[in-house]
Amino acid sequence: MFNNSKDTVQEIKKTYNILEILNLKSQKKNVLIMSYLWFAAGFCFYGLILNIEHLGGNLFIDTIVTFGGEAMSELLSGYMADHFGRVKVLEVCGFMGGFGFIAYEFLSPEYATLKTVLIFVSSFGFSGVFNLLFIYTPELFPTSIRSTVTGAVYFISRIGALIVPSVVSLVPRANLTFGLVSIFGAYLCFQLKETLGEDILDDVPENLHQLSFLSTHKIARGDTSMTVKTMISDRYFYSEDYNKKSGLL
């Protein structure tokens, strides 16, 4: 029984390419949202960096404020995510970055001090989004697809950064464009689940539910009774998804 069950587990487990992942019902929405968020992170963060000279203020001061906001975000974003949750902090940082850029676009030059503050706010927000995506993405996806998805979305962020020079040169109100892209990304975060304190699945639910029958088989080994479920991550069998499928909830 033990050998047969182990062979069954090995047969069911598989690896996935990105097209197969997009066909998984449980993962498609998360992959698409995370692709946009990574695109927006690269687009907005490097948009701020490359657009500093076009902001209209003192270039020296704007540069110091921009990197000051980034440094502050590096120090605080991880701490905030551990206390308030990844998704909530992603939402706040996305809205901060977008609001700062949009407000900056509509303020007149006489509000130089306030515009400097808005640069700091945008820099903090965009840098925070980037930092948190590196934390949140591996937690959101199961082990079997994590590296594939992470590589794909990081590549998409590079595309976002690549088109920034063209946007800065050709779009009349580039700041407004960056701000709207960021705010829409923050809105999409409401569709994501929180991963703080949650266990990570070893495989996608479409594959794991095929293994659930194994948890009912027992193997007698002397006076000890073992369950085959120890071969598979206990985190799935204790999860709400598995309990619902088993009729325990």
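The model shown is predicted, which means the values in this text are computed figures rather than measured ones. (Residues numbered from 1 in each chain as written. Predicted model: local features only at pLDDT ≥ 70, side-chain atom pairs only at ≥ 80, totals over all residues. Heavy atoms only, no water.)

1. Some words on empty space enclosed by the protein
The method is simple in principle: a probe with the dimensions of a water molecule rolls over the atoms, and the space it marks as empty is what remains.
Consideration 1: Taken as a whole, this structure holds two cavities of 30 Å³ or more when the rule is applied.
Consideration 2: In this structure, the largest cavity spans a volume of roughly 110 Å³.
Consideration 3: Taken together, Leu37, Ala40, Ala41, Cys44, Leu90, Gly94, Phe126, Val129, Ser182, Gly185, Ala186 and Cys189 make up the lining of the largest cavity.
Consideration 4: When contributions to the lining of the largest cavity are tallied by element, the ones reaching two or more residues are helix H3 (28-50), helix H5 (86-106), helix H6 (112-140) and helix H9 (174-188). (1 Å grid on protein atoms, 1.4 Å probe; cavity = no way out; pocket = protein on both sides within 12 Å on 5 of 7 lines; lining within 4 Å. Points joined across faces, edges and corners; volume = space filled by probe spheres on them. Helix = DSSP H or I, 4+ residues; strand = E, 2+ residues; numbered from the N terminus.)

2. Details of the pattern of salt bridges
Consideration 1: For the structure shown, the criterion picks out three salt bridges.
Consideration 2: A single network of salt bridges, built from pairs that share partners, joins Asp82, Arg86 and Glu139. (Salt bridge = Lys/Arg side-chain N within 4 Å of Asp/Glu carboxyl O.)

3. A look at the packing of helix H4 (residues 59-84) against H6
Consideration 1: Relative orientation of the contacting elements H4 and H6 amounts to 40°, with a least axis distance of 7 Å. Judged by the angle between their axes, H4 and H6 are oblique. Considering how the two elements wind past one another, H4 and H6 form a crossing that is right-handed.
Consideration 2: Tallied by class, residues from the contact of H4 with H6 come to 10 nonpolar, 10 polar and three charged. (Axes fitted to C-alpha atoms, helices over the stretch in contact; angles between N-to-C directions. Parallel < 35°, antiparallel > 145°, perpendicular 65-115°, else oblique. Left-handed = near helix turned anticlockwise from the far one by under 90°. Nonpolar A, V, L, I, M, F, W, Y, C, P; charged D, E, K, R; others polar.)

4. As for helix H7 (residues 143-162)
Because an α-helix packs 3.6 residues into every turn, residues spaced three or four apart end up facing the same way.
Consideration 1: Its 20 residues give H7 an end-to-end C-alpha distance of 29 Å, which sits within 8% of 28 Å, the value for a rise of 1.5 Å per residue.
Consideration 2: Buried positions along H7 lie against helix H2 (18-22), H3, H6 and helix H8 (164-170). (Expected span 1.5 Å × (residues − 1). Contact = heavy atoms within 4.5 Å.)

5. What to know about a nonpolar patch on the surface
Consideration 1: Where nonpolar side chains cluster on the molecular surface, the patch consists of Met72, Leu75, Leu76 and Phe120 and spans about 360 Å² of accessible area.
Consideration 2: Here the nonpolar patch gets three residues from one element, more than from any other, and that element is H4. (Patch = residues over 30% accessible without salt bridge, like charges linked within 9 Å, V, L, I, M, F, W, Y side chains within 5 Å. Areas by Shrake-Rupley, 256 points an atom, 1.4 Å probe, with all protein chains shown as cover.)

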